[in-house]
Amino acid sequence: ESSSVVILSAQVLICRNYKGDVDMAEIDHFMPLLMQHEEEGLLCPVISHGNVHFMWIKHSNLYLVAMTNKNSNASLVYSFLYKLVEVFTEYFKELEEESIQDNFVVVYELLDELMDFGFPQTTDSKILQEYITQEGAKLEVAKTKVPTTVTNAVSWRSEGIKYKKNEVFIDVIESINVLVNANGSVMSSDIVGSIKLKTMLSGMPELRLGLNDRVLFALTGRDKGKTVVMEDVKFHQCVRLSRFENDRTISFIPPDGESELMSYRINTHVKPLIWIESIIEKFSHSRVEIMVKAKGQFKKQSVANNVEVRVPVPSDADSPKFKTSTGNAKYVPEKNLVVWTIKSFPGGKEFLMRAHFGLPSVENDELEGKPPITVKFEIPYFTVSGIQVRYMKIIEKSGYQALPWVRYITQSGDYQLRTNV
């Protein structure tokens, strides 16, 4: 539980005291303590002053701070602060100092609905938007009738939703994190997955999602085909956790529109899908020669889209010249990078990029680090883990027919390859 929430940049912009047991003047100690900790290199997500604890997060140019003088559940407080960012972003598109100053009334309304006496309440932005609108004049009219959703057991979905065509779109998106050392060995790798829904279903449908989950297959005695072991599984609040814990069934009444149903991690050795070999030669006081070879190590029938290979160059490099076997390369001096862009990269193919830079005759004395080469890409209709949506059952009392559509996407997450130079 949190006694109060404060949003500040250089000074306090807005605050809401929920319990009255912490003096609001305490917030004046937060910024000086934060700066002191930063200078000492001891920055910590919880800062204390006397018996008051500040739990804070930073978003663009704002600090969102929860103050408490109790031994509060820190993970709940942080979940709430991140939820605040999510709700405010839904409302104001960008959450920054200006959006708070321009919308004081709405922000106060939201802070009152999101938390009551230090306990989180309605935190679903779609439901909040039903009765807290951004037009000040509408605010009073809308407030007279609180949606039944707020008092429903299903607080994330309104009743009486109607669609002419009932459909649900399922996106399985996997991000690959890879770290390769300068010798070409994979140091660490894992897959972070997310299943997103776009639900366009009438009424109060009951959905059941079936995946090729190894634990489920073991429970039911099935041992056919490829299965995956999911770790760190997190669900949207709509999923019945007791069912999942009992028999691994993912059963839920979905929110209307777009939502993230679940996220997971798969701790496995991932072969880098786009392999990069680089030779970077630095000739003192004269030039830098860069050669980068990119190879698609995925199935020939798949294609990686919008590939970006980002190669670091010395900060004092100038007069770039490029030669590429495909795509185009450009120098981004403000980031000390060469960005090689390949719109379409088929599996099994290999491409080359050469770059030549001049170096000043007077050497830069500053010791520069060795930033890694990073790669961005997206491969549709493909998952590395082999996760599959086996079925999506849609049951609604009116008995309508509904179509589920599934799409698989693999993309780069934190994808780094270290270099020798």
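Residues numbered from 1 in each chain as written. Predicted model: local features only at pLDDT ≥ 70, side-chain atom pairs only at ≥ 80, totals over all residues. Heavy atoms only, no water.

Going by the annotation in an unreviewed UniProt entry, the name recorded for the protein chain is AP-1 complex subunit mu-2, with Amphiprion ocellaris given as the source organism. Checking UniProt for the protein chain, the heading Function (unreviewed entry) contains the comment "Subunit of clathrin-associated adaptor protein complex 1 that plays a role in protein sorting in the trans-Golgi network (TGN) and endosomes. The AP complexes mediate the recruitment of clathrin to membranes and the recognition of sorting signals within the cytosolic tails of transmembrane cargo molecules." (UniProt positions renumbered as here; feature names shortened; annotations may be inferred.)

Caption draft 1: Up close: the pattern of salt bridges. Within the structure shown, the criterion is met by 15 salt bridges. One salt bridge connects Arg240 with Glu206, and the closest N-O pair in it is separated by 2.6 Å. With Arg240 in the loop between β11 (231–235) and α8 (241–247) and Glu206 in strand β10 (residues 206–211), the pair connects residues that are 34 residues apart, well separated along the chain. By relative accessible area, which is 30% here, Arg240 ends up partly exposed. A residue is classified by how much of its surface remains accessible, and Glu206, at 21% relative accessible area, is partly exposed. The salt bridge involving Arg265 is made with Asp232; its shortest N-O contact spans 2.7 Å. Of the two residues, Arg265 sits in strand β13 (residues 257–266) while Asp232 sits in strand β11, which places them 33 residues apart along the sequence. Within this structure, Asp190, Glu231, Asp232 and Arg265 form a network of salt bridges that share partners. (Salt bridge = Lys/Arg side-chain N within 4 Å of Asp/Glu carboxyl O. Helix = DSSP H or I, 4+ residues; strand = E, 2+ residues; numbered from the N terminus. Buried < 20%, exposed > 50% of the residue type's maximum accessible area, 1.4 Å probe, protein only.)

Caption draft 2: Looking closely at the layout of surface pockets. Within this model, the largest pocket holds a volume of roughly 1000 Å³. Residue lining of the largest pocket: 25 residues in total, with Lys83, Glu86, Phe235, His236 and Gln237 positioned closest to the centre. Ranked by residue count, the leading element in the lining of the largest pocket is helix α2 (residues 74–92), at seven residues. Tallied by class, the residues present in the lining of the largest pocket amount to seven nonpolar, ten polar and eight charged. (1 Å grid on protein atoms, 1.4 Å probe; cavity = no way out; pocket = protein on both sides within 12 Å on 5 of 7 lines; lining within 4 Å. Points joined across faces, edges and corners; volume = space filled by probe spheres on them. Nonpolar A, V, L, I, M, F, W, Y, C, P; charged D, E, K, R; others polar.)

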